[in-house]
Amino acid sequence: MGKTLRFILGDQLSHKISSLKDADPNKDIIFMCEVWDETRYVKHHKKKIAFLFSAMRHFANELKSKGYNVDYVQLDEDGNTGSFTSELERALKRHKAEEVIITFPGEYRVLEEVKSWSEKLGIYVGIRDDDRFLSTREEFAEWAEGRKGLTMEYFYREMRRKHDILMDKNGGPEGGEWNYDKQNREPLPDSIELPVKTMFQADDITENVLRLVEKKFNDHFGDLYPFNFAVTRAEALRALNRFIEERLPCFGKYQDAMKEGKPFLFHSHISAYLNSGLLTPDEILEKAEKAYKDGHAPLNAVEGFIRQVLGWREFIRGMYWHFMPDYEHKNFFHAQRKLPDFFWDANTKMNCMKQCIKETKENAYAHHIQRLMVIGNFCLLAGLSVEEVNEWYLIVYADAYQWVELPNVTGMILYADGGLLASKPYAASGSYINKMSDYCKNCEYKVTEKTGEDACPFNYLYWDFLDRNEKKLKSNHRLSMIYKSWEKRDSGIKKTIKEDAAKFLEDL
Ligand SMILES: Cc1cc2nc3c(=O)[nH]c(=O)nc-3n(C[C@H](O)[C@H](O)[C@H](O)COP(=O)(O)OP(=O)(O)OC[C@H]3O[C@@H](n4cnc5c(N)ncnc54)[C@H](O)[C@@H]3O)c2cc1C
Ligand code: SF4
């Protein structure tokens, strides 16, 4: 009987991953590789590449120190052929192995590649369930079966019941409500003191990776330095514990707030760690629930946070696998406009966009409302190309993998799936951004002006978007009041709004 290769992908850095279960340190080979194909299918942010390579190298060393036989191929190693398939082929020959065990990949593209191995390489390929999630693809499909609409809230309630999280003794939701979002929409007071972000010092392994990224990926988007990501499980756990300790109590209240120069606020900043396997959802939920039970954090904060991890994250992944591969080609509004250059250099007069893109460039991070209600909102209103917007979001964030990026972009911000994920488009005028942030104070445009050269572009773009897409949206009952108010407006004002929007879009 030949040897078994256990192939660990770069986002599967979990010691408890299914492909490692029953691995025999005396016989099996743990195989990991850094390949060009994965770094270049989109030109990822420099920090994202550095984070993943460093975390992979640390993970491989941890496995070695546990006694496993690890074969790790570095990117710039002689003979690296640049793709998963060709590197696997070389490894199979090196080790005279006949069998590969792998955990179900996070992305459809990679799954297709994995599925081709058996025939191409003449080996047995065992694909195991991805146990980095709490729900399986089959469970989601079962839940979705026969439903008219797939609403995250109902999926979330089912997950709460199934996993017994924040449930009271009678089987109802803790505190009597499923959702405390009404308490969670406060802007940030000027006087509030913000906790300092948890940062980590680069060790020799990270320094080497940083030099590699500097040399090989200099033409990629984003700032490589300062680099202070967690790159091991121990560090990621420290980041999580500090979030629970310092930020979780205020997470709910200020979840939607934005402040110039303050990118991190009360968010957890764990998505890159969670999506790469350094952290797992069960431990995160357990710690958050415990913080509530211990009286450390209020229910609105803990429920709000748990909804993100147990609800949104699992739902988004379920949607991805349920609707792929068609989902990738959805374009409900036929949006085609080219992505403006300022998405890469933040050089725009719109201060909200400038700040959010600048912070994205610096940190490979923006929090949810920046991604959704500023950048995403602009992409929707301006009718930017679905393909280009998806590519941008996949490039710029350290936590981005297609399974989570695509439904958030195609479904949540662009409504390009025609309402499979969201019941109405997340479209808003400048007044929402003004309410939730201090961006408008330093903007060359005036948020209170609706038309004219100085008017906030979000104001006229909002109405122009609704007008442009009236045929497709008017029957949506959640928009009926808005369309009624548009109909009642003076035809001269409507004309000016449309002219202002046309001019702005032309100048893009
Ligand atoms: C257009 C757009 C693109 C996005 N792209 C990504 C992406 O590529 N990768 C990614 O992990 N998240 C993505 N998100 C979701 C969300 O914005 C990020 O998970 C979050 O900002 C990460 O920061 P945090 O860890 O501080 O999150 P917190 O605000 O502290 O939330 C806690 C956790 O909840 C989970 N979560 C919250 N909302 C979502 C969501 N909508 N979908 C999936 N998980 C969620 C994340 O794991 C997150 O770490 C996107 C959202 C939008 C609107
Ligand atoms: S005025 Fe408009 S463009 Fe300027 S920051 Fe406010 S919302 Fe953004």
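Cut-off values and rules
- Residues numbered from 1 in each chain as written.
- Chains lettered and ligands numbered in written order.
- Predicted model: local features only at pLDDT ≥ 70, side-chain atom pairs only at ≥ 80, totals over all residues.
- Heavy atoms only, no water.
- Helix = DSSP H or I, 4+ residues; strand = E, 2+ residues; numbered from the N terminus.
- Rg over C-alpha atoms; globule rule 2.2 N^0.38 Å.
- Contact = heavy atoms within 4.5 Å.
- Areas by Shrake-Rupley, 256 points an atom, 1.4 Å probe, with all protein chains shown as cover.
- Lys, Arg positive; Asp, Glu negative; His and termini not counted.
- Charge placed at Lys NZ, Arg CZ, Asp CG, Glu CD.
- Near = heavy atom within 4 Å.
- Nonpolar A, V, L, I, M, F, W, Y, C, P; charged D, E, K, R; others polar.
- Domains from an automatic or database assignment.
- Buried area = accessible area lost by both parts, 1.4 Å probe.
- Salt bridge = Lys/Arg side-chain N within 4 Å of Asp/Glu carboxyl O.
- Polar contact = N/O pair within 3.5 Å; in protein donor to acceptor, adjacent residues only side chain to side chain.
- Patch = residues over 30% accessible without salt bridge, like charges linked within 9 Å, V, L, I, M, F, W, Y side chains within 5 Å.
- Buried < 20%, exposed > 50% of the residue type's maximum accessible area, 1.4 Å probe, protein only.
- Expected span 1.5 Å × (residues − 1).
- Bend = angle between axes of the 7 residues up to and from the residue.

Caption draft 1: Region of the structure containing the overall build of the chain. Each helix and strand counted, the chain has 21 helices and 5 strands in total. Taking 508 residues into account, the globule formula puts the C-alpha radius of gyration at 23 Å, and the chain, at 24 Å, falls close to it. The principal-axis extents of the C-alpha atoms in the chain amount to approximately 80 × 55 × 50 Å. Taking the contacts inside the chain whose residues are at least 6 apart along the sequence as the reference set, 75% of them involve residues at least 24 apart. Surface summary for the chain: the accessible area is close to 22200 Å², and the carbon and sulfur share equals 47%. Taken together, the 74 basic and 81 acidic charged side chains of the chain have centroids lying 2 Å from each other.

Caption draft 2: Quick peek at the site of ligand 2. In the region of ligand 2, the neighbouring residues are Met-350, Cys-352, Gly-430, Ile-433, Tyr-439, Cys-440, Cys-443, Tyr-445, Val-447, Cys-456 and Phe-458. Residue composition of the shell around ligand 2, by class: 10 nonpolar, 1 polar and no charged.

Caption draft 3: Here's a closer look at the domain arrangement of the chain. For the chain, the assigned domains read domain 1 (3-128), domain 2 (137-201 + 232-317) and domain 3 (342-507). In this structure, domain 1 and domain 2 have C-alpha centres spaced 31 Å apart. For the pair domain 1 and domain 2, the two sides together bury roughly 820 Å², of which 64% comes from carbon and sulfur. Three residues stand out in domain 1 for area buried against domain 2, namely Leu-13, Phe-51 and Phe-104, and they jointly supply 47% of the buried area on that side. At the junction of domain 1 and domain 2, the tally comes to 0 salt bridges. For the pair domain 1 and domain 2, the number of links is 1 residue pair in polar contact (both at pLDDT 80 or more).

Caption draft 4: Structural detail: a negative patch on the surface. The grouping of Glu-328, Glu-387, Glu-388 and Glu-391 at the surface amounts to a negative patch. Turning to its location among the elements, Glu-388 is positioned in helix H15 (residues 386-396).

Caption draft 5: Inspection of the environment of Thr-151 at higher detail. Structurally, the position occupied by Thr-151 is in the loop between helix H5 (137-144) and helix H6 (152-163). Given the relative accessible area of 36%, Thr-151 is considered partly exposed. As a C-alpha pair, Thr-151 and Leu-414 span 263 residues in sequence and 17 Å in three-dimensional space.

Caption draft 6: Examining the site of ligand 1 more closely. Among the 29 residues in the neighbourhood of ligand 1, the closest are listed as His-267, Ser-268, His-269, Asn-275 and Tyr-365. Ser-268 places a side-chain nitrogen or oxygen 2.6 Å from an oxygen atom of ligand 1. Separating an oxygen atom of ligand 1 from a side-chain N or O atom of Tyr-365 is a distance of 2.7 Å. Notes on ligand 1: free accessible area 820 Å², of which the protein chains cover 99%. Those elements that provide at least two residues to the shell around ligand 1 are helix H9 (271-275), helix H11 (299-323), helix H14 (368-381) and helix H16 (402-413). By residue class, the composition of the shell around ligand 1 is 16 nonpolar, 9 polar and 4 charged.

Caption draft 7: Region of the structure containing helix H8 (residues 233-251). For H8, with 19 residues, the first-to-last C-alpha span of 23 Å runs short of the 27 Å given by 1.5 Å per residue. Of all bends in H8, the biggest is about 50 degrees, found at Glu-245, and the proline Pro-249 comes one to four residues later. Turning to H8, its buried residues number three or more, namely Glu-235, Ala-236, Ala-239, Leu-240, Phe-243, Ile-244, Arg-247, Leu-248 and Phe-251. As for H8, its buried residues are in contact with H9, helix H10 (281-293) and H11.

Caption draft 8: Focus on the pattern of salt bridges. One pass over the structure, following the stated rule, counts 34 salt bridges. A salt bridge links Asp-181 to Arg-307; the nearest nitrogen and oxygen atoms lie 3.4 Å apart. Within this pair, whereas Asp-181 is found in the loop between H6 and helix H7 (204-216), its partner Arg-307 is found in helix H11, the two being separated by 126 residues in sequence. Per residue, the accessibility class of Asp-181 equals that of Arg-307, and both read buried. With its nearest N and O atoms 3.2 Å apart, the salt bridge here joins Glu-246 to Arg-242. Of this pair, Glu-246 and Arg-242 both sit in helix H8, 4 residues apart, roughly one helical turn. Linked through salt bridges whose partners overlap, the residues forming this network are Arg-160, Asp-181, Arg-185, Glu-303 and Arg-307.

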